[in-house]
Amino acid sequence: MTTQPATKTLSLPTAGTYRIDGVRSRVTYTSRHMFGLGKVRAEFSTASGLLEIAESLSECRVLATIDAASFKSDNAKRDRDVKGPGLLDVAQFPRIEFTSTEVREDGRGAVLIGLVAMHGVDAAVEVVVSSWEVQAPDQIHVLARADHLDRCSFGITGARGWVGRYFDLALDISAAR
């Protein structure tokens with residue numbers, strides 16, 4: 001007898017528009033550097049955004065903006081290099097924006113399909129929501145991930161070998177209606 005893996009079902013919070021709290025939310029970045037030998041961890045600040053919660057999951061929408069210049073790791077030189085013209089080029093491209101185009105549920109949880117506008121390029125991204133919980137009547141906390149994103153698909157091609165090509169984002173989002 002074979003057993004099917006348990007699927008994760010998420011019940012929706014109360015319908016409405018929730019504004020992302022940029023102070024209480026964060027986006028954690030992980031990647032590799034030095035030809036894959038070292039691990040890099042950094043954070044971005046979430047500048048703003050909206051979670052449009054509807055009666056059905058397929059009608060929900062998300063719009064989020066990250067301040068590209070908020071990239072912060074444990075290394076000041078790395079931070080300057082990442083923010084500089086060879087990589088993120090925050091002077092020319094100050095924002096990273098996500099806009100959902102579809103929301104569906106699968107065995108991983110709720111999946112946001114959307115576009116990330118970064119470095120002057122729009123690229124398709126999947127964000128998997130692992131949990132959301134109501135913290136107060138009009139506040140929700142969301143945990144989500146976008147794994148194995150390719151920086152080259154965003155036109156960020158500098159420092160090959162020294163800066164990892166692929167990166168993961170973990171999102172810890174607080175929002176209030």
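Residues numbered from 1 in each chain as written. Predicted model: local features only at pLDDT ≥ 70, side-chain atom pairs only at ≥ 80, totals over all residues. Heavy atoms only, no water.

**Comments concerning the overall build of the protein chain**
- When helices and strands are tallied, the protein chain shows one helix and nine strands.
- Seen in sequence order, the protein chain has helices and strands lined up from the N terminus as β-β-β-β-α-β-β-β-β-β.
- With 177 residues in all, the protein chain has 41% of them scored as buried.
- For the protein chain, contacts bridging at least 24 residues in sequence account for 57% of all contacts bridging at least 6. (Helix = DSSP H or I, 4+ residues; strand = E, 2+ residues; numbered from the N terminus. Buried < 20%, exposed > 50% of the residue type's maximum accessible area, 1.4 Å probe, protein only. Contact = heavy atoms within 4.5 Å.)

**A look at the pairing of strand β5 (residues 95-106)**
- Judged from the five bridges that link them, strand β4 (residues 61-72) and β5 form a sheet pairing that is antiparallel. The residue bridging T65 from the neighbouring strand is E97, located in β5.
- In the sheet, β5 pairs with strand β6 (residues 109-118) via nine bridges, with the strands oriented antiparallel. Counterpart to D106 in the pairing with β6 is G109.
- Hairpin geometry of β5 and β6 is characterised by an intervening segment of two residues between the two adjacent antiparallel strands. (Pairing = 2+ DSSP bridges.)

**Focus on the confidence of the model for the protein chain**
- Of all residues in the protein chain, 85% attain a pLDDT of 70 or more, and the chain-wide mean is 84.
- The lowest-confidence element of the protein chain is strand β2 (residues 26-33), averaging 81 in pLDDT; the highest-confidence one is strand β1 (residues 16-20), averaging 96.
- Every residue in residues 1-8 scores below 50 in pLDDT, and together they form eight contacts with partners more than four places removed in sequence or on other chains. (pLDDT = per-residue confidence, 0-100.)

**Things to note about the environment of L87**
- Considering the arrangement of structural elements, one finds L87 in the loop between α1 (76-83) and β5.
- L87 sits 32 residues away from H119 along the chain, and the two C-alpha atoms are 8.6 Å apart.

**So, the nonpolar core**
- Core analysis: the biggest nonpolar cluster contains 43 residues, and Y29, F44 and L51 have the highest contact counts within it.
- Excluding anything up to four places from it in sequence, F44 contacts R26, V27, Y29, I66, D67, A68, S70, F71, L88 and I96. (Core = buried A, V, L, I, M, F, W, Y, C linked by side-chain atoms within 4.5 Å.)

**Considerations on the side chain of S73**
- Checked against the element boundaries, S73 lands in the loop between β4 and α1.
- According to the relative accessible area criterion, S73 is buried, its value standing at 12%.
- Polar contacts involving the side chain of S73 include one to the main-chain amide nitrogen of N75, which spans 3.2 Å.
- Apart from the residues lying within four places of it in its own chain, the contact partners of S73 are R41, A42, R78 and D79. (Polar contact = N/O pair within 3.5 Å; in protein donor to acceptor, adjacent residues only side chain to side chain.)

**As for the pattern of salt bridges**
- Counting across every chain of the model gives 13 salt bridges.
- Measuring nitrogen to oxygen at the nearest pair gives 2.8 Å for the salt bridge that ties D81 to K77. Of this pair, D81 and K77 both sit in helix α1, four residues apart, which is roughly one turn of that helix.
- Note that R145 and D168 form a salt bridge whose closest N and O atoms lie 3.9 Å from each other. Within this pair, whereas R145 is found in strand β8 (residues 139-150), its partner D168 is found in strand β9 (residues 163-176), the two being separated by 23 residues in sequence. (Salt bridge = Lys/Arg side-chain N within 4 Å of Asp/Glu carboxyl O.)

**Some details on the environment of S100**
- Mapped onto the elements of the fold, S100 is located in strand β5.
- The exposure class of S100 is buried, given its relative accessible area of 6%.
- Filtering out sequence-adjacent residues up to four positions away, S100 remains in contact with C60, R61, V62, I113 and G114.
- Of note is the side chain of S100, whose polar atom sits 2.8 Å from the backbone nitrogen of V62.

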